[in-house]
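# Observations on the three-dimensional arrangement
Single-letter residue listing:
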Amino acid sequence: MVPFPDRPQYRAIVAVSQRILDGLLTAWVTVTFTFFALRIAAGDPLASLLSQGLITHENVEQIRIQLGLDQPLLTQYMQFLSSLLHGDLGKSLYTKRSVSQIIFEQLPSTIELALSALLIGLILGIIIGTTAAWKRGSLGAILAESLSGLATALPVAFTGILGILFVSWLIGGLPGNIGLSSVKNLLLPASVLGFASAGPIARVIQSGLEESIQKPYILAARARGISGGLRLFWHALRPALPPVISLTALQAAFLFGGTVITEVVFSRPGLGRLLISSILQGDFPIAQGIVILAALLYTFSHHLADILAMVIDPRLENEHEK
Amino acid sequence: MKPKSSKHILFILLLLISCMIASCKNTDQQKQVITYGLTLAPSGIDPHINASAELGIPLSSVYDTLVFQNPENGEFVPGLAERWTISDDGFTYTFSLRDDVTFHDGTAFDAQAVKTNIEYILDPDHVSQKASLMLGPLEDVKVIDSHTISFRLSEPFAPLLDSLAQVYLGIASPTALEKWGPSEYQFHQVGTGPYRFIEYIPNDHLTLERNPDYAWAPEIYKNDQAQIDEIRFRFFEDPATRSLALESGEIDIIGEVPPYDAARLAESENFQLYPVAIPGQPLQFFFNTQNPPTDNVQVRLALIQAIDRAFITETIFGIYSPVAEGPLSASTLGYSSNYPYPDYDFDQARSTFQNLGWEYDEGRGQLLKEGQPLQIQIVVPTWGSNPEVGQLLEAAWEKLGLEVSLEVAPGFGPLKQAHDSGNYHAIGINFFGTDPDQLRSFFRSDGFYNWSGYQDPVLDSLLDQAVQASLDLNKRQAYYDQIFELIRNEALILPIRDYVNLVIARSNIKGLRFSSQGWFPFLIDLSIEP
Amino acid sequence: MRSRVIVYSSLLWLSAVVMASILAPLLTRFDPLQPVGPPLATPNGQWVLGTDALGRDTWTRLIYGARLSLSAAISSALLSITIGGFVGVISASSPHWVDRLIMWFSNALLSIPGLLLAMILVAGLGPGLATVIMAIGISGVPGFVRISRSIFMQTRSQRYMETSRALGGDSLWIIRYHLLPNALSQLLSFSTVQIAWAFLGLTTLTFLGLAGDPSTPEWGAMLNAGRLHLIEFPHLAILSGGAITLTIMSIHNLGIWLSRRTDPTRRL
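Calculation rules
Residues numbered from 1 in each chain as written. Chains lettered and ligands numbered in written order. Predicted model: local features only at pLDDT ≥ 70, side-chain atom pairs only at ≥ 80, totals over all residues. Helix = DSSP H or I, 4+ residues; strand = E, 2+ residues; numbered from the N terminus. Buried ≥ 20, exposed ≤ 12 C-beta atoms within 10 Å, placed from the backbone. Contact = placed C-beta atoms within 7 Å. Rg over C-alpha atoms; globule rule 2.2 N^0.38 Å. Nonpolar A, V, L, I, M, F, W, Y, C, P; charged D, E, K, R; others polar. Axes fitted to C-alpha atoms, helices over the stretch in contact; angles between N-to-C directions. Left-handed = near helix turned anticlockwise from the far one by under 90°. Core = buried A, V, L, I, M, F, W, Y, C linked by C-beta atoms within 7 Å. Domains from an automatic or database assignment. Pairing = 2+ DSSP bridges. Right-handed = clockwise from strand over helix to strand, strands pointing away. pLDDT = per-residue confidence, 0-100. Expected span 1.5 Å × (residues − 1). Parallel < 35°, antiparallel > 145°, perpendicular 65-115°, else oblique.

Moving on to the overall build of chain C. The helix and strand inventory of chain C stands at 10 helices and 0 strands. For chain C, with 268 residues in total, the buried portion stands at 51%. Taking contacts inside chain C between residues at least 6 apart in sequence as the whole, the part at least 24 apart equals 69%.

What follows is the structure, given as structure tokens:
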């Protein structure tokens, strides 16, 4: 295209901008698909309001015009896109509050849960994966491996329920109010979700470590008498990390589904619970807004992870599709 | 290495200090706080506009009403109105209002304020779902002087005082109503009650704070001033989480606790069970008389006979709910036990269908007419264990030989939508209330909630006369007796159980009392025993 | 580390589930919808696994649930496989720019987390088991498009294809004796993964209450119902949750074992 000298830093810039462009286009497709899928599948959004008596037969046409629902679908789509770019996700059909406002109110709780779960998942995954790889054949390794297998296979819903049972059995009934309400309320759901996402992470760490332990420079370091310890471990771990980073991005997709389930099981306020209730009640603008947000976040994190991986290991620059 | 470790130490120190400060802050204030669990998240919480009972739990203490009803004997006592007179013909009610009341925002309470409230409720653009219906045939509200107001009806209306005693007709500050308008006002509610409305985040929490200026408590409140400084409400729509929230200490009080959990918690010394009988309609199903085969009264009777109502009540509700025997529950004014519903008789039910031309096919286990099974569609709302009742109804009718499908409507809106489609044979709906006139909107031909679709001028006139005989209780009872008989003979409803709200509170919470409607706690009377 | 034990036990469990689905009425004398005893009874001689909150036999509901959940998952997976497979093959056989367009579009769809994608569809169409099956089926399409396309392109480019062509074999013969068997075995192993995924997605959506009639004995819905009396009567939740987990694990293990066996690049 442009006559840049073919130097590594320019290649990097091109790769990164390609990623960004791809991300934006993907985001656009996602938004479009969500919009049309909901509209076409759902039919007339005013029908439910009408039947509840929240609007009358006289009002209905007026409101239809007010909400812009009388325009052809394509025009509505254009308007939707332009408001989206301004951060306006529409209004709830029932409470008429701005969807962005509603989502904004529920967002902190969900982010709290998702990030804690991610953190716990990473820590747990690294611990489990390392145990499995480092001490091969020992009881610890076998346990660690079965643990990671279990973590991958158990559906989040079931893990949550088992978590509740376990904690109540452990403490002989659920713990009383000891004043650390918000931490305690977060700890169990985050651990459940974290445990579930730790499974794949542990696997990747395990296989990555197994490979890098055999690498010549590690063996050489040990031979030279540099004792096992944090430094050595870090050197062994580093090559295993890039796949973990891209895995973490993929985990974001899993986490979205997972937070919905966890919020329902533990009755935590947040976007997951809001999504379910808006679907069941037919409040489409809210459902649409949440799904779009989730998809955009996922795309963003996916591409961000690719960029990060490229930065850490420049050899991956030219890999586009796995 | 040295610089690194000192940075670490500094960081840890800071963390410790901030923890100490945080915990210090907690012990500083000896604020008394109660967390109360709500079980439904209504789509709107303006009592003048929305119909949900749940909103009344917090809001009954934010507003005062013109009159209050004594929950022990049903008498009406002065509230914001010191005294009132009713004209002999029952058309006009005149109220003398207190002159020492102010709203939470400082506005003075007067007759004009009351008028503004009524106008706000009756404004057709505001689409009030309950309050406007509760005013009945209200024709005109006249401000006679600064603290006297009269209500003129177009015909006598017995339940007027009952309506005026409920949160839906609580008096709000006209300044706030005008400032915020119907969609936003629900987030900035201003009344005259013992608690002030602080904040509401939908589906998350609602906060009330004690009103220190409250000096006009009606005699039905045991305390003159609220004891608890702050009451926080949180939402627990999922029944499975309610007992968990109690046990984990997240909340102190919650209602609608599932019966088995309630039984278990009641045995613990940490909790106290308050079973509150809710007057009004029982948990019941309306048959759709406009949709075959339930358009045939014999079919309806057979469907009732095929249900073992005692079994259902006991299985799902344990010892806590009496079986319902009519369109009103036993704790409601006007209830009569003289018109019981058909007993459980499975064989009789089956033979009724056979007499009507359906043959029982052993192989398929179904009743068939010309090879086609009989299809029944049940629709239930999600609250009050309705889905469980629906499942047992489905099981019983399937056993009879019908082909049954069950739909759970996830909210009042979808429930109403299902009704509008007309595609149901039995639908679960019930309202609460202390006056039997609530039956009118369910059984009158043009009633807003006439979900049985039954049209009968005889029933209509009985209902009208019952409400117009507003001043003679015996006369009213006679009318209602006839109404109950008609409803039973026409098998318009399948009554299941009288509503009993199972409220569980932590043992150190004292003073928990409920209004005559059963749902609404008198928050002013709550105290925490140290 | 898939030892023989794991593969055999997975096969065993799956056969048990399939048998249960087919032979359901023979394995229990109760009706899954009818109350047969006191609610929440503990397992005893009469009710092997106890009863649920409405007095229905848990063993019966699990058996019939196997039938429902399994057939629902297979239907969803079939939907994803047929549509996805079709689009994937078309894409691989089209001119390059069409191929890129289709793949780019399907990749974009892949960035909506599968569960959410299914939920949008349920949101539009309304709750119900049929809707959930369709929604999971459709949301599995983008993933399978990719798989089928790569299988197709891979098999197409095998060395022996050129050899056969050089030897004068006509296209139909090539398709029948080389393309199809090879592609089929890979397709089979990926299909099992798809079924496992569909099973998980299905039970999750029904767990979240999106499946309509609550009396249907479907494992995900039963898991949700088990939450109501969890502390005192955990057997409902544990049994249905365990059944779901074991089934997903087994299908997954089977799929991995199959893919190992049919991997054409395997060095022995």
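A tally of helices and strands in chain B yields 16 helices and 23 strands. Computed over C-alpha atoms, the radius of gyration of chain B comes to 26 Å, within 12% of the 24 Å expected from 2.2 N^0.38 for 530 residues, which places it in the range of a compact globule. Oriented by its inertia axes, the alpha-carbon framework of chain B measures out at about 90 × 80 × 40 Å. Looking at the 530 residues of chain B, the share that counts as buried comes to 52%. In chain B, 69% of the contacts between residues at least 6 apart in sequence involve partners at least 24 apart.

Here we take up the interface of chain A and chain C. Contacts between the two partners involve 37 residues from chain A and, on the opposite side, 34 residues from chain C. Counting only elements with at least two residues in the side of chain A that touches chain C, the list comes to α1 (8–42), α6 (139–153), α7 (156–170), α11 (241–266), α12 (271–281) and α13 (284–312) of chain A. The element best represented in the side of chain A that touches chain C is α1(A), accounting for 9 residues. Across the side of chain A that touches chain C, the residue classes tally to 29 nonpolar, 7 polar and 1 charged.

Residue and element names in this part refer to chain A. Viewed as axis vectors pointing N to C, α7 and α11 meet at an angle of 35 degrees, and their least axial separation amounts to 9 Å. The two elements α7 and α11 meet at a crossing, and its hand is right-handed. Of α11, the residues touching α7 (which contributes Val156, Ala157, Gly160 and Ile161) are Gly258, Ile261, Thr262, Val265 and Phe266.

On to the nonpolar core. Core analysis: the biggest nonpolar cluster contains 296 residues, and B:Ile483, B:Ile504 and C:Val122 have the highest contact counts within it. Both of domain 1 (38–277 + 502–528) and domain 2 (283–498) of chain B provide at least three residues apiece to this core. In this structure, C:Val122 is in contact with A:Ile279, C:Pro127, C:Thr131, C:Val132, C:Ala135, C:Leu205 and C:Leu210, ignoring residues within four places of it in sequence.

Now for α12(A). All names here are of chain A. Among the 11 residues of α12, 10 are classified as buried, and the element is accordingly described as predominantly covered. Regarding α12, the residues found buried are Leu271, Gly272, Arg273, Leu274, Leu275, Ile276, Ser278, Ile279, Leu280 and Gln281. One or two positions beyond α12, positive phi appears at Gly282, with a value near 80 degrees.

All names here are of chain B. The 4 strands lie next to each other as β4-β5-β7-β6, forming an open sheet whose pairing is antiparallel. Of all the strands in the sheet, just β4 (81–86) and β6 (138–145) have a single pairing partner and so form its edges. This sheet shows a mean twist of 20 degrees between the axes of neighbouring strands, independent of strand direction. Against the sheet, helix α3 (residues 111–122) engages β5 (92–97), β6 and β7 (148–153), with an angle of about 160 degrees to β6.

This part takes up unusual backbone geometry. In this structure, the amide linkage connecting B:Pro292 to the following residue, B:Pro293, adopts the cis form with an omega of 0 degrees. The residue B:Ser385 is not glycine, and still its phi comes out positive at about 65 degrees. Position of B:Ser385 relative to the elements: it lies in the loop between β17 (375–381) and α12 (386–400). When the 21 C-beta atoms within 10 Å are taken as the criterion, B:Ser385 is described as buried. With a phi angle near 55 degrees, C:Leu40 is a residue other than glycine that sits in the positive phi range. In this structure, C:Leu40 sits in the loop between α1 (4–27) and α2 (58–93). Overall, the presence of 19 C-beta atoms within 10 Å leaves C:Leu40 in the partly exposed class.

All names here are of chain B. Extensive coverage of β17 is indicated by the burial of 5 of its 7 residues. Pairing of β17 with strand β18 (residues 403–409), which is carried by 7 bridges, proceeds in the parallel orientation. When the bridges of β18 are listed, Ile378 appears paired with Leu406. Assessed by its sense of winding, the connection that carries the chain from β17 through α12 to β18 is right-handed. In the sheet, β17 pairs with strand β19 (residues 426–428) via 2 bridges, with the strands oriented parallel. Bridge pairing in β19 links Ile378 to Ala426.

Okay, the domain arrangement of chain B next. Residue and element names in this part refer to chain B. For chain B, the assigned domains read domain 1 (38–277 + 502–528) and domain 2 (283–498). Its C-alpha centre places domain 1 at a distance of 31 Å from the equivalent point of domain 2. The interface of domain 1 with domain 2 comprises 22 residues on the first partner and 20 residues on the second. Mapped onto the side of domain 1 that touches domain 2, the elements with two or more residues apiece are α8 (259–267) and β12 (271–277).

Further remarks concern the confidence of the model for chain B. For chain B, per-residue confidence averages 88 on the pLDDT scale, and residues scoring 70 or more make up 94% of the total. The model gives residues 23–28 of chain B a pLDDT under 50, and that stretch makes 1 contact with residues more than four places away or in other chains.

Residues and elements named next belong to chain C. On the secondary structure map, Gly137 appears in helix α5 (residues 129–139). With 58 residues separating them in the primary sequence, Gly137 and Leu79 have C-alpha atoms 5.1 Å apart. Excluding anything up to four places from it in sequence, Gly137 contacts Ser76, Leu79 and Ser80.

This part takes up the confidence of the model for chain C. Looking at chain C as a whole, its pLDDT mean stands at 82, while 87% of the residues score no less than 70. Confidence scores differ between elements of chain C, with helix α7 (residues 159–166) of chain C showing the lowest mean pLDDT of 61 and helix α9 (residues 219–225) of chain C the highest of 91.

Okay, α3(B) next. With 12 residues, α3(B) ought to run about 16 Å at 1.5 Å a step, and its terminal C-alpha atoms sit 17 Å apart, in line with that. Listing the buried residues of α3(B) in full gives B:Ala111, B:Ala113, B:Val114, B:Thr116, B:Asn117, B:Ile118, B:Tyr120 and B:Ile121.

The next point concerns the packing of helix α5 (residues 99–134) of chain A against α11(A). Residue and element names in this part refer to chain A. Contact pair α5 / α11: the axes reach a minimum separation of 10 Å and the direction vectors enclose 120 degrees. Viewed along their axes, α5 and α11 adopt a mutual orientation that is oblique. For the pair α5 and α11, the sense of crossing is right-handed. For the pair α5 and α11, contact is made by Thr110, Leu113, Ala114, Ala117 and Leu118 and by Leu255, Thr259 and Thr262, respectively. Considering only residue class, the contact of α5 with α11 consists of 5 nonpolar, 3 polar and no charged.

So, about the sheet that holds strand β14 (residues 359–361) of chain B. All names here are of chain B. In spatial order, the strands read β14-β15-β16; together these 3 strands make up an open sheet with antiparallel pairing. One side of each edge strand has no neighbouring strand; the edge strands of this open sheet are β14 and β16 (372–373). As paired elements, β14 and strand β15 (residues 366–369) share 3 bridges and run antiparallel to each other. Residue pairing across strands places Glu359 opposite Leu368, the latter belonging to β15.

Here the focus is the environment of A:Ser100. All names here are of chain A. If you trace the backbone, Ser100 turns up in helix α5. A sequence separation of 13 residues divides Ser100 from Gly87, and the C-alpha atoms of the two residues are 7.3 Å apart. Residues within four places of Ser100 in sequence aside, it is in contact with Gly87, Asp88 and Leu89.

With that settled, consider the pairing of strand β8 (residues 195–201) of chain B. Residues and elements named next belong to chain B. Note: β8 against strand β9 (residues 205–210), 6 bridges, orientation antiparallel. Each residue of the ladder has a partner; that of Phe197, found in β9, is Leu208. Linking β8 back to β9 in an antiparallel pair, the connection comprises 3 residues, with Asn203 at a positive phi of about 70 degrees.

This part covers the environment of A:Ile290. All names here are of chain A. By the secondary structure assignment, Ile290 is in helix α13. The class of Ile290 is buried, set by 30 C-beta atoms lying within 10 Å. Between the alpha carbons of Ile290 and Leu89 there is a distance of 9.4 Å; along the sequence they are 201 residues apart. The contacts of Ile290, once residues within four sequence positions are left out, are Ile103, Leu271, Leu274 and Leu275.

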